[in-house]
Amino acid sequence: CMSVTVLAIPQLRVMILQALELDVGETISNNEISYTHGGKTTYYSSIDELISENSLDILSFNSLPDGISISSAYYLKDSNTTVITFTDPTINFQILHNNSYIDDSINDNSEKYTTTLFDAYLFQIDLNGSIEYYSYFCYHNSTYIINCNSQTTLMSILNELKEGE
């Protein structure tokens, strides 16, 4: 699944964010992977705009940690995925629509964290000496994948999620 790979490989994360800024027909390459924008990505200035224009049943935020705000929201039609970018580029947030599957290996090797809306599975990975904190959870037939390099920030984001309006 591309979205899981993007979260697990930091170099690709940067490339994906760059690819989202391409004009239709433009290509980006990092010597191993090339991507050409096919024109099926839609940019939204806010989560509320994304929700209303696509009738999505997704979570939004009450608030975000100090100094962090949403930069943009993208809807990738081909993969039925929403990517939300933040002013802090170390935060990654994806929603896989019409996909409520979390692999048993994640469930079995993580800590369960319960909120009023969902049960999240939390774990950490050491990537070349840098710890990344991950959360996977399902909500209304979508899988949410959030990761960042701060456990405090991740927990704050999880606690501030609310039902979209």
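Refer to the structure presented above.
Conventions used here
- Residues numbered from 1 in each chain as written.
- Predicted model: local features only at pLDDT ≥ 70, side-chain atom pairs only at ≥ 80, totals over all residues.
- Heavy atoms only, no water.
- Helix = DSSP H or I, 4+ residues; strand = E, 2+ residues; numbered from the N terminus.
- Contact = heavy atoms within 4.5 Å.
- Areas by Shrake-Rupley, 256 points an atom, 1.4 Å probe, with all protein chains shown as cover.
- Pairing = 2+ DSSP bridges.
- Core = buried A, V, L, I, M, F, W, Y, C linked by side-chain atoms within 4.5 Å.
- Buried < 20%, exposed > 50% of the residue type's maximum accessible area, 1.4 Å probe, protein only.
- Salt bridge = Lys/Arg side-chain N within 4 Å of Asp/Glu carboxyl O.
- Arc of directions from axis to C-beta.

To continue, consider the overall build of the chain. Helix and strand counts for the chain stand at 5 helices and 12 strands. For the chain, the proportion of contacts with a sequence separation of at least 24, taken over those separated by at least 6, is 46%. Counting every atom, the chain has about 8700 Å² of accessible surface; 45% of that belongs to carbon and sulfur.

Before going further, it helps to examine the pairing of strand E8 (residues 111-114). Sheet topology note: the E8/strand E9 (residues 119-127) ladder contains 4 bridges and is antiparallel. Residue pairing across strands places Thr-114 opposite Asp-119, the latter belonging to E9. Connecting E8 to the antiparallel partner E9 that follows it, the hairpin turn spans 4 residues.

Turning to the nonpolar core, a few remarks are in order. General note: in soluble globular proteins, nonpolar side chains tend to be found buried as a group. Core analysis: the largest hydrophobic core is formed by 31 residues, its most contacted members being Phe-93, Phe-137, Leu-158 and Leu-161. With 4 residues, helix H5 (residues 151-160) is the single largest residue contributor to this core. The residues touching Phe-93, leaving out its near neighbours within four places in the chain, are Phe-61, Thr-82, Val-83, Ile-84, Phe-86, Tyr-144, Ile-145, Ile-146, Ile-157 and Leu-161. Judged by nonpolar contacts, the second largest core, of 7 residues, contains Ile-102, Tyr-121, Phe-123 and Ile-145.

Summed over the entire model, instances satisfying the criterion amount to 1 salt bridge. For Asp-119, the salt bridge is made with Lys-112, and the minimal N-O distance between the two is 3.5 Å. Judged by relative accessible area, Asp-119 falls into the partly exposed class, the value being 31%.

Moving on: helix H3 (residues 47-54). An α-helical turn contains 3.6 residues, so any two residues separated by three or four positions project in the same direction. Within the sequence span of H3, burial applies to Ile-47, Leu-50 and Ile-51. Mapping the buried residues of H3 onto a view down its axis gives an arc of 95 degrees, with all of them on the same face. Exposed side of H3, more than 90 degrees from the buried face: Ser-52 and Glu-53 are the residues found there. Looking at the residues trailing H3, positive phi occurs at Ser-55, about 50 degrees.

These figures capture arrangement, not role.
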